[in-house]
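Residues per chain are reported as follows:
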Amino acid sequence: MDLSVDYVGLKLKNPLIAAAGPLTRNGAMMKKALDAGFAAVVTETIVTEVRRNVRPRLVNGAAGMGNIGLYSDFTLEEWESEIAQVKEAGGIVIANILAHTPSEMSYIARVVEKYGADAIELGVAAPHGEGLEVLSSDPDRMYGLAAATVDAVELPVIVKMSPNVTNLSKLALAVERSGASAISAIDTVRSIIGVDLETGRALLPTYGGYSGAAVRPIGLAAVATIAQTVDIQVSGIGGVENYHDALEYIMLGASTVQLLTAIVLHGYSVVPSILEGMKRWMARQGHESLSGIRGKALASLYSFEELRMEPYTARVTAHCAAQHCDACVTGCMYEAVVKDEGIYSVDKARCAGCGLCVSLCPEKCFMLEWGP
Ligand SMILES: Cc1cc2nc3c(=O)[nH]c(=O)nc-3n(C[C@H](O)[C@H](O)[C@H](O)COP(=O)(O)O)c2cc1C
């Protein structure tokens, strides 16, 4: 079973990459990620003017994590030895860099190229701090930053995208036009993680970035949009916790998949578990390599205007063993699912074919069938 991928000209042994953040903040941590099975690492964001990160800056919420950390505490010069450690160990390192002007971005890119980075990712998409959101939603500025970086170095350039934009296709086209080799998406989602009701204070003192399982549908939509818009490669990021999540990104067009929050919350064992799960799934389905499934699900996506009203209604297919649950009855907004002496049924006259019961039922007792 071959999980290897060619990503921006880099030969990766598998599609998993450690995403930019505190887990890749130095050489030792990057080596730890590689030892866990990641095929490559993306450094925490490297800048020229370091500002210490605020404290506190992380909160784990009910469905995802909120953070207001910005970038690396190391100076640009300090990154030389950190990157060297990874290179000496034979690892592949993508330097995530941030600047606000094309000339400064080119400068950092040239320096990290000299330090031995294998590729560059522009980390301009955090939803907090220094007007990054404004920058990352402006196609002209993104083009300027990316084109200058592409011109400055021999290395492949990847641009990381923000989900906090309404013009993702325009941005992707601008990045492709710049000569960049790939787009990675998504960075974190602009958020307020919560409010402490006792103190009346927000849990973090500024708007932050949301990550983890809850943001996966947002990441999937971004990756699909980018893959449908441009011909350059895509790296899927956001909420990947298991092989199923990773394969969803690949089926929507991603060549590689990046993770961070799942490792923080569940540990590095997530990496071998995803790789094993992928191999087992591919063996069961008869796929020799990931190229056979990459982008496969894109053909199942239509514009909303193309969709027709189909005469589907729900049907109960099996006796439900989870009698205590009643999620189907509670969740049916059309009051079509009824329970009578432990037996569930669908009132076809009321059923609007919405399909919610199919995904609500833990016992998989519902299906949609053609016809009223
Ligand atoms: C604590 C934390 C720090 C992060 N730092 C960076 C960073 O330095 N540069 C960057 O481009 N993205 C950064 N990110 C964003 C992640 O790389 C990733 O895009 C995002 O968390 C979604 O993936 P996940 O759900 O697997 O965490 C950070 C995310 C978190 C949670």
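Just above, that's the structure.
Here's a quick rundown of the structure.

Conventions adopted
- Residues numbered from 1 in each chain as written.
- Predicted model: local features only at pLDDT ≥ 70, side-chain atom pairs only at ≥ 80, totals over all residues.
- Heavy atoms only, no water.
- Helix = DSSP H or I, 4+ residues; strand = E, 2+ residues; numbered from the N terminus.
- Rg over C-alpha atoms; globule rule 2.2 N^0.38 Å.
- Contact = heavy atoms within 4.5 Å.
- Areas by Shrake-Rupley, 256 points an atom, 1.4 Å probe, with all protein chains shown as cover.
- Lys, Arg positive; Asp, Glu negative; His and termini not counted.
- Charge placed at Lys NZ, Arg CZ, Asp CG, Glu CD.
- Phe/Tyr/Trp six-rings, centres within 6.5 Å; stacked < 30°, edge-to-face > 60°.
- Buried < 20%, exposed > 50% of the residue type's maximum accessible area, 1.4 Å probe, protein only.
- Lys NZ or Arg CZ within 6 Å of the ring centre and 35° of its normal.
- Salt bridge = Lys/Arg side-chain N within 4 Å of Asp/Glu carboxyl O.
- Pairing = 2+ DSSP bridges.
- Axes fitted to C-alpha atoms, helices over the stretch in contact; angles between N-to-C directions.
- Near = heavy atom within 4 Å.
- Polar contact = N/O pair within 3.5 Å; in protein donor to acceptor, adjacent residues only side chain to side chain.
- Arc of directions from axis to C-beta.
- Patch = residues over 30% accessible without salt bridge, like charges linked within 9 Å, V, L, I, M, F, W, Y side chains within 5 Å.

## What about the overall build of the chain?
Then, in step 1: Within the chain one finds twelve helices and 20 strands.
Then, in step 2: Its C-alpha atoms give the chain a radius of gyration of 23 Å, near enough to 21 Å, the size a compact globule of 372 residues would have.
Then, in step 3: Projected onto the principal axes, the alpha-carbon positions of the chain cover approximately 70 × 55 × 40 Å.
Then, in step 4: Looking at the chain alone, contacts between residues at least 24 apart form 69% of all its contacts between residues at least 6 apart.
Then, in step 5: Looking at the chain as shown, the accessible area adds up to about 17,400 Å², and 52% of this sits on carbon and sulfur atoms.
Then, in step 6: Side chains of the chain carry 30 positive and 41 negative charges; the gap between the two charge centres is 2 Å.

## A look at the packing of aromatic side chains
Then, in step 1: Evaluation of the coordinates by the stated rule reveals two aromatic pairs.
Then, in step 2: Between the aromatic rings of tyrosine 312 and tryptophan 370, the centroid separation amounts to 5.3 Å while the plane-to-plane angle is 90°, which identifies the pairing as edge-to-face. Highlighted residues: tyrosine 312 in strand β17 (residues 312-316) and tryptophan 370 in strand β20 (residues 366-370), separated in sequence by 58 residues.
Then, in step 3: A relative accessible area of 56% places tryptophan 370 in the exposed class.
Then, in step 4: Over the face of the ring belonging to tyrosine 143 we find arginine 177, whose NZ or CZ atom lies 4.3 Å from the ring centre.
Then, in step 5: Sitting over the face of the ring of tyrosine 207, arginine 190 holds its NZ or CZ atom 4.2 Å from the ring centroid.

## With respect to the pattern of salt bridges
Then, in step 1: Scanning the model with the defined rule gives ten salt bridges in all.
Then, in step 2: The salt bridge partner of arginine 216 is aspartate 245, with a shortest N-O separation of 3.3 Å. In this pair, arginine 216 is assigned in helix α7 (residues 216-229) and aspartate 245 in helix α8 (residues 243-251), connecting sequence segments 29 residues apart.
Then, in step 3: Put simply, glutamate 248 and arginine 216 hold a salt bridge, and the shortest N to O gap is 3.7 Å. Placement of the pair is glutamate 248 in helix α8 and arginine 216 in helix α7, with a sequence separation of 32 residues.

## Focus: the environment of leucine 155
Then, in step 1: Structurally, leucine 155 can be placed in the loop between α5 (139-152) and β9 (157-161).
Then, in step 2: Here leucine 155 falls in the buried class, since its relative accessible area comes to 16%.
Then, in step 3: It is 16 Å that separates the C-alpha atoms of leucine 155 and glutamate 176, two residues lying 21 residues apart in sequence.
Then, in step 4: Leave out the neighbours within four places in its chain, and leucine 155 touches Glu113, Ala117, Asp118, Ala119 and Ile120.

## Some details on the sheet that holds strand β5 (residues 58-60)
The strands making up a sheet are joined through hydrogen bonds of the backbone, oriented either antiparallel or parallel.
Then, in step 1: In space, the four strands of this open sheet follow the order β5-β6-β14-β11, with antiparallel pairing throughout. The outermost strands of the open sheet, each flanked by one partner alone, are β5 and β11 (189-191). Averaged over all neighbouring strand pairs, the angle between strand axes comes to 30°, with direction disregarded.

## Points about the site of the ligand
Then, in step 1: Taken together, 23 residues sit near the ligand, with Ala20, Thr45, Lys160, Gly239 and Thr261 positioned nearest.
Then, in step 2: Within the side chain of threonine 45, a nitrogen or oxygen atom sits 2.6 Å from a nitrogen atom of the ligand.
Then, in step 3: Between the ligand and the protein, one listed contact pairs an oxygen atom with a side-chain N or O atom of asparagine 96 at 3.1 Å.
Then, in step 4: Considering the ligand on its own, with 600 Å² of exposed area, one finds that the protein chains cover 96% of that surface.

## Digging into unusual backbone geometry
Then, in step 1: Omega for the bond connecting arginine 55 with proline 56 falls within 30 degrees of zero, at -10°, which places this linkage in the cis form.
Then, in step 2: The residue after alanine 185, namely isoleucine 186, is reached through a cis peptide bond having omega 20°.
Then, in step 3: Considering the arrangement of structural elements, one finds isoleucine 186 in the loop between β10 (182-185) and β11.
Then, in step 4: Its identity is not glycine, yet valine 8 carries a phi of approximately 45°, on the positive side.
Then, in step 5: Its location among the elements puts valine 8 in the loop between β1 (5-7) and β2 (10-12).
Then, in step 6: Here the phi dihedral of aspartate 326 falls at roughly 60°; this positive angle occurs in a residue that is not glycine.
Then, in step 7: Structurally, aspartate 326 can be placed in the loop between β17 and α11 (327-331).

## Topic: helix α6 (residues 168-177)
Then, in step 1: For α6, every residue scored as buried is listed here: Leu168, Leu171, Ala172, Ala174 and Val175. Mapping the buried residues of α6 onto a view down its axis gives an arc of 160°, with all of them on the same face. The exposed set on the far side of α6, more than 90 degrees from its buried face, consists of Lys170 and Arg177.
Then, in step 2: On its buried face, α6 is in contact with α4 (132-136), α5, β9, β10 and α7.
Then, in step 3: Looking one or two residues past α6, glycine 179 carries a phi angle of roughly 95°, positive in sign.

## Focus on a nonpolar patch on the surface
Then, in step 1: There is a patch of nonpolar side chains on the surface, built from Ile192, Val195, Leu197 and Tyr207 and spanning about 450 Å² of accessible area.
Then, in step 2: For valine 195, the location among the structural elements is in strand β12 (residues 195-196).

## A few points about the sheet that holds strand β7 (residues 93-97)
Then, in step 1: What the eight strands build is a closed barrel, ordered β3-β4-β7-β8-β9-β10-β15-β16; its pairing is parallel. Ignoring which end each strand starts from, the neighbouring axes of this sheet average 25° apart.
Then, in step 2: Bridge analysis of strand β4 (residues 40-42) against β7 gives two bridges, and the strand direction is parallel. Within β7, the position partnered with valine 41 by the bridge is valine 93.
Then, in step 3: Sitting on the sheet, helix α3 (residues 102-115) is in contact with β7 and β8 (119-122), with an inclination near 155° to β7.

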